[in-house]
Amino acid sequence: MEAETVKKKRIFSGIQPTGTLTLGNYIGALRNFKLLEDEYDCVYSIVDLHAITVRQNPTELRKACLRVMSLYLAVGLSPEKSLLYFQSHVPQHAELNWVLGCFTYMGELNRMTQFKDKSQKHADNINAGLYTYPVLMAADILLYMSDLVPVGADQKQHLEISRDIAERFNKIYGDTFVVPEPYIGKVGGRVMSLQDPTRKMSKSDPEDTYVAMLDSADVIRKKIRRAITDSDSEVRYDPENKPGVSNLMSIMATITGKTMDEIALEYGSKGYGVFKDAVADCIIAELEPIQKRFNEIITDKAYLQQVMTVSAERASNIAYRTMLKVRRKIGLAALKL
Ligand code: AMP
Ligand code: TRP
């Protein structure tokens, strides 16, 4: 990675190991992660410290962590090309989080819409971590001197605050952090809920609203057949008036590479039943090989252990260097005088 003559730009992204990953996570994140691997120096973190901002069952969380790592590997991400590691294995995330917290204003955090949403959803546990969540996210990104961060609309505000914190720090102490830019992907887009196609497909919604990456073929077919469409029967791309059908078309287009016109031509008048079966077929064909590899990897503890150890060490090396710089800049007591 470091020996490249032309330095590649660094991309950082994180996924929380909560619940199960969905087709939305696949199309909006994992699939793109793979496409970016050759062109960029990629750091893909499994952000387990972010996950505990809402109460987690320890056994479930532990399993979800290994599941996400196995899915990273099963979609074909390479631990040699990219850094695939757990956030909590690199303690500097938490350390930088504290430092950056001292450069973040409450007024800024008060404006975060995700905090407002999540505090409504978890009214019995509005903890300080949930409030300072964007600071930890800034620490993730800045720790690796990341140039680019692929973000969905819901994370834009968090990336903005990361940029503000980096700029503020640089202004006070001189050039320290790279100020990250949003990365807008060429492909992908948002996958919408199967039951309410005006909302984003989300792993925290009920089962029938999403396809999980690990759903069996039968379950996928059932869920797609039950997906909400309209009372008309024409397969036509019209997100405004036909959000359900348009969502299915866009899933099919992303997976198969067909254009909307080609799909409309092929299924336009065949009725929703035939079209939905074809959508289910292409999702199943895409996910089956991934599931097969996933099942091999999740039981291969030695391989997982090796990836985890090597990656945590490589990530720690970068993180250590950044923290050394930060400590020096702000004047913390040096260990060696
Ligand atoms: P989350 O599941 O919200 O933690 O998101 C993890 C990653 O998956 C982020 O990069 C999101 O932008 C992406 N993602 C999650 N849900 C969707 C969706 N329905 N459509 C597209 N991308 C998504
Ligand atoms: N907050 C992000 C989400 O919920 C996850 C995340 C944590 C992240 N740290 C990050 C994403 C750094 C991009 C960069 O999706």
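Here we summarise the structure given alongside this text. It should be emphasised that the depicted structure is a prediction, and the values quoted were computed from it without experimental measurement.

Cut-offs applied
- Sequence order as written defines the numbering, with residues in each chain counted from 1.
- Think of it this way: whatever chain is written first is A, whatever ligand is written first is 1, and the rest follow in order.
- With the structure being a predicted model, the display of local features is reserved for residues of pLDDT at least 70 and the display and counting of side-chain atom pairs for 80 or more, all residues being used for whole-chain, interface and lining totals.
- Calculation of side-chain values draws on the structure's entire complement of heavy atoms; hydrogens and water are dropped beforehand.
- By the criteria applied, helices consist of DSSP H or I runs no shorter than four residues and strands consist of E runs no shorter than two, each listed in order from the N terminus.
- For the radius of gyration, the atoms used are the C-alpha atoms, and the globule rule reads 2.2 Å times the number of residues raised to 0.38.
- Only protein chains enter the accessibility calculation, which uses a 1.4 Å probe. A residue is then buried if its area is under 20% of the maximum for its type, exposed if over 50%, and partly exposed in between.
- Two residues form a contact once any of their heavy atoms are found within 4.5 Å.
- Positive charges are assigned to Lys and Arg, negative charges to Asp and Glu, while His and the chain termini are left out of the count.
- Taken as the charge location is NZ of Lys, CZ of Arg, CG of Asp or CD of Glu.
- We call a residue near a molecule or strand when any one of its heavy atoms sits within 4 Å of it.
- Whenever two N or O atoms come within 3.5 Å, that pair is a polar contact, provided that in protein one can donate a hydrogen and the other can accept it, and provided that, for residues adjacent in sequence, both atoms are side-chain atoms.
- Where accessible areas are quoted, they stem from the Shrake-Rupley method and a 1.4 Å probe; at the residue level, only the protein chains shown are allowed to cover.
- Throughout, the ten residues Ala, Val, Leu, Ile, Met, Phe, Trp, Tyr, Cys and Pro are labelled nonpolar, Asp, Glu, Lys and Arg are labelled charged, and all others, Gly among them, are labelled polar.
- In this text, buried Ala, Val, Leu, Ile, Met, Phe, Trp, Tyr and Cys residues form a nonpolar core when linked through side-chain atoms within 4.5 Å.
- Pairing between two strands requires that DSSP report at least two bridges joining them.
- For the handedness criterion, the strands are oriented away from the viewer, and a crossover whose path from the first strand over the helix to the second runs clockwise is classed as right-handed.
- Salt bridges are identified by distance alone: a Lys or Arg side-chain nitrogen within 4 Å of an Asp or Glu carboxyl oxygen.
- Think of the arc as the fan of directions from the helix axis to the C-beta atoms.

1. So, the overall build of the chain
Here is step 1: When its secondary structure is counted, the chain shows 13 helices and five strands.
Here is step 2: Here the C-alpha radius of gyration of the chain, 21 Å, is about what a compact globule of 337 residues would show, namely 20 Å.
Here is step 3: In terms of overall dimensions, the chain has a C-alpha envelope of 75 × 45 × 40 Å along the principal axes.
Here is step 4: By residue count, 50% of the 337 residues in the chain fall in the buried class.
Here is step 5: Long-range pairs, those at least 24 residues apart, make up 75% of the contacts in the chain between residues at least 6 apart in sequence.
Here is step 6: Side chains of the chain give 44 positive and 42 negative charges; the mean places of these two sets differ by 4 Å.

2. What to know about the site of ligand 2
Here is step 1: Neighbouring residues of ligand 2: Phe-12, Ser-13, Gly-14, Gln-16, Val-47, His-50, Tyr-133, Met-137, Asp-140, Ile-141, Val-149 and Gln-155.
Here is step 2: Here Tyr-133 contributes a side-chain N or O atom positioned 2.6 Å from a nitrogen atom of ligand 2.
Here is step 3: Summarising the interface, the protein chains cover 87% of the accessible area of ligand 2, which totals 360 Å² for the free molecule.
Here is step 4: Taken together, the elements giving at least two residues each to the shell around ligand 2 come down to β1 (10-15) and α7 (128-143).

3. Structural notes on the site of ligand 1
Here is step 1: Around ligand 1, the neighbouring residues are Gly-24, Asn-25, Gly-28, Ala-29, Gly-152, Gly-189, Arg-190, Val-191, Lys-200, Met-201 and Lys-203.
Here is step 2: Gly-24 is positioned such that a nitrogen or oxygen atom in its backbone is 3.2 Å from a nitrogen atom of ligand 1.
Here is step 3: Contact between ligand 1 and Met-201: a nitrogen atom at 2.9 Å from a main-chain N or O atom of the residue.
Here is step 4: Protein coverage of the free-state accessible area of ligand 1, which is 470 Å², stands at 83%.
Here is step 5: Residue composition of the shell around ligand 1, by class: three nonpolar, five polar and three charged.

4. Details of the nonpolar core
Here is step 1: Leu-30, Tyr-72, Phe-275 and Ile-283 are the most contacted members of the largest nonpolar core, which totals 65 residues.
Here is step 2: Ranked by residue count, the leading element in this core is helix α12 (residues 272-298), at 13 residues.
Here is step 3: Beyond its immediate stretch of four places on either side in the chain, Phe-275 contacts Val-235, Val-245, Leu-248, Met-249, Met-252, Ile-263 and Tyr-267.
Here is step 4: Among the nonpolar cores identified, the runner-up in size contains 38 residues, and Leu-83, Val-99, Tyr-144 and Val-326 belong to it.

5. Some thoughts on the pairing of β1
Here is step 1: Counting buried residues in β1 gives five out of six residues, a clear majority hidden from the surface.
Here is step 2: In this structure, β1 lies alongside strand β2 (residues 41-46), joined through six bridges in parallel fashion. Within β2, the residue paired with Gly-14 across the bridge is Ser-45.
Here is step 3: Following the backbone out of β1, through helix α1 (residues 23-36) and into the adjacent parallel β2, one traces a crossover that is right-handed.

6. Here's the deal with the pattern of salt bridges
Here is step 1: Summed over all chains, the structure comprises 21 salt bridges.
Here is step 2: The shortest N-O distance in the salt bridge between Lys-242 and Asp-230 comes to 3.2 Å. Of this pair, Lys-242 sits in the loop between α9 (217-225) and α10 (243-256) while Asp-230 sits in the loop between α9 and α10, and the two are twelve residues apart along the sequence.
Here is step 3: Owing to a relative accessible area of 2%, Lys-242 belongs among the buried residues under this scheme.

7. Side note on helix α4 (residues 92-101)
Here is step 1: Listed in full, the buried residues belonging to α4 are Gln-92, His-93, Leu-96, Val-99 and Leu-100. End-on view of α4: buried residues confined to an arc of 125°, all on one side of the axis.
Here is step 2: Buried residues belonging to α4 abut β3 (83-86), α7, α8 (156-173) and α13 (301-330).

8. Looking at the environment of Thr-256
Here is step 1: If you trace the backbone, Thr-256 turns up in helix α10.
Here is step 2: When its relative accessible area of 36% is taken as the criterion, Thr-256 is described as partly exposed.
Here is step 3: A polar contact of 2.7 Å, which involves the side chain of Thr-256, links it to the backbone oxygen of Met-252.

9. Observations concerning the pairing of β3
Here is step 1: The two faces of β3 match: Leu-83 and Tyr-85 on one face and Leu-84 and Phe-86 on the other face are all buried.
Here is step 2: In the sheet, β2 pairs with β3 via four bridges, with the strands oriented parallel. Opposite Ser-45, over in β3, you have Tyr-85 as the bridge partner.

10. Quick word on the side chain of Gln-155
Here is step 1: Looking at where Gln-155 falls in the secondary structure, it is placed in the loop between β4 (148-150) and α8.
Here is step 2: The contacts of Gln-155, once residues within four sequence positions are left out, are Gln-114 and Met-137.

11. What to know about the environment of Ala-285
Here is step 1: Within the fold, Ala-285 resides in helix α12.
Here is step 2: By relative accessible area, which is 52% here, Ala-285 ends up exposed.
Here is step 3: Sequence separation of Ala-285 and Glu-181 is 104 residues, and the distance between their C-alpha atoms is 35 Å.

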